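Single-letter residue listing:
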Amino acid sequence: MNVTLDGCCDHAQMIADEEIHQYTADLMDQADAGLFGRKIYQLMEQFWPAIARSGEGPPFIVDFARKLSEKPKYVFSRTLDHVSWHNSFLLKGPVSEEVPRLTAEGKNLLVNGGPGLGSTLAQLDLVDEYHFLVNPIVAGHGPQLLGGIHERLKLKLAETKPFASGVVLLRYTPAR
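Notes on the structure in this doc start here.

About the cut-offs
- Residues numbered from 1 in each chain as written.
- Predicted model: local features only at pLDDT ≥ 70, side-chain atom pairs only at ≥ 80, totals over all residues.
- Heavy atoms only, no water.
- Helix = DSSP H or I, 4+ residues; strand = E, 2+ residues; numbered from the N terminus.
- Buried < 20%, exposed > 50% of the residue type's maximum accessible area, 1.4 Å probe, protein only.
- Areas by Shrake-Rupley, 256 points an atom, 1.4 Å probe, with all protein chains shown as cover.
- Lys, Arg positive; Asp, Glu negative; His and termini not counted.
- Charge placed at Lys NZ, Arg CZ, Asp CG, Glu CD.
- Phe/Tyr/Trp six-rings, centres within 6.5 Å; stacked < 30°, edge-to-face > 60°.
- Lys NZ or Arg CZ within 6 Å of the ring centre and 35° of its normal.
- Core = buried A, V, L, I, M, F, W, Y, C linked by side-chain atoms within 4.5 Å.
- Contact = heavy atoms within 4.5 Å.
- Pairing = 2+ DSSP bridges.
- Axes fitted to C-alpha atoms, helices over the stretch in contact; angles between N-to-C directions.

## Re the overall build of the chain
A tally of helices and strands in the chain yields 6 helices and 8 strands. Scanning the chain from its N terminus toward the C terminus, one meets helices and strands in the order β-α-β-α-α-α-β-β-α-β-α-β-β-β. Seen along its three principal axes, the alpha-carbon backbone of the chain occupies a region of about 45 × 40 × 30 Å. Looking at the chain as a whole, 41% of its 176 residues qualify as buried. As displayed, the chain has an accessible area near 9500 Å², and 52% of this comes from carbon and sulfur atoms. If you average the places of the 17 positive and of the 21 negative side-chain charges in the chain, the two averages end up 4 Å apart.

## Here's the deal with the packing of aromatic side chains
The full count for this structure, using the stated rule, is 9 aromatic pairs. Plain terms: the ring middles of Tyr23 and Phe163 are 5.7 Å apart, the flat faces sit at 75° to each other, and that makes the pair edge-to-face. You can see Tyr23 sitting in helix α1 (residues 18-30) and its partner Phe163 sitting in the loop between β7 (155-162) and β8 (168-174), a full 140 residues away along the chain. This pair shows no difference in class: Tyr23 is buried, exactly as Phe163 is. Each ring, one from Phe132 and one from Tyr172, has its centre 6.0 Å from the other, and the planes form 55°; the classification is tilted. Highlighted residues: Phe132 in strand β6 (residues 130-135) and Tyr172 in strand β8, separated in sequence by 40 residues. Overall, Phe132 belongs to the buried group, its relative accessible area being 7%. The rings of Phe36, Tyr41 and Trp85 are connected pair by pair, giving a single aromatic cluster. For the cation-ring pair, Lys73 lies above Trp85, with the distance from its terminal atom to the ring centre recorded as 4.8 Å.

## Points about the nonpolar core
By size, the foremost hydrophobic cluster in this structure holds 27 residues, and its most contacted members are Phe36, Met44, Trp48, Leu68, Leu133 and Phe163. Listed by contribution, the elements that provide at least two residues to this core are α1, α2 (38-45), α3 (48-54) and α4 (59-70). Leu133 has contacts with Met1, Asn2, Val3, Ile20, Tyr23, Thr24, Phe163, Val167, Val168 and Leu169, leaving out every residue within four places of it along the chain. Counting 20 residues, the second-largest nonpolar core is a separate cluster that includes Leu109, Leu117, Ala122 and Leu146.

## Description of the environment of Lys67
Counting through the fold element by element, Lys67 comes out in helix α4. Judged by relative accessible area, which is 29%, Lys67 ranks as partly exposed. C-alpha of Lys67 to C-alpha of Ala25: the two residues are 42 residues apart in sequence and 7.5 Å apart in space. Setting aside residues up to four positions removed in sequence, Lys67 forms contacts with Ala25, Met28 and Asp29.

## A few points about the sheet that holds β6
Read from one edge to the other, the open sheet built from 4 strands follows the order β1-β6-β8-β7, with strand pairing classed as mixed. Sheet topology places β1 (2-4) and β7 at the edges, where each strand pairs with a single neighbour. Direction aside, neighbouring strands of the sheet carry axes that sit 30° apart on average. Bridging between β6 and β8 involves 5 bridges; their strand directions are antiparallel. For Phe132, the partnering residue across the bridge sits in β8 and is Leu170. The strands that α1 touches are β6 and β8; relative to β6, the one it contacts most, it runs at about 175°.

## A few points about unusual backbone geometry
Positive phi outside glycine occurs at Asp125, with the angle close to 55°. Here Asp125 shows up in the loop between α6 (115-123) and β6. Even without glycine at this site, Leu146 takes up a positive phi of about 50°. The residue Leu146 is located in the loop between β6 and β7 in this model.

If you want it as structure tokens, here you go:
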């Protein structure tokens, strides 16, 4: 999840350079599928499929778009009737049932999402690792990272990694 120094989790406020895209692409390579909330899915669906089809843009953007388009995408929504992006599947059941079902099938899932789905998964103790890309930006507004958490989460720092842009990866695991 991308986050600013003041906790904003708005994709329009983040640094999206080649190094960050490569890091995210490497995470995608390790996953069997992505999990999306409706808002992030719709935001990404407006942008990435067109680039994947046209091939227009910097090579790292086109490669990322094509990889993302081919990866299975599971979308949680109570309001959507269908999803149209290639290789997307709509999930209408509760997160507490759908995610364990997918992981029981052996799927390694990557959450491509904002604070809503991330908070739900965290509260249900369904997260094995947190990857926070902390951007050197103060947004001053926007949805807060894991803003839906109602109980304390205890995490253990597993890795830090600075990027040339000033973004810093903080990778945590739950302290269970």
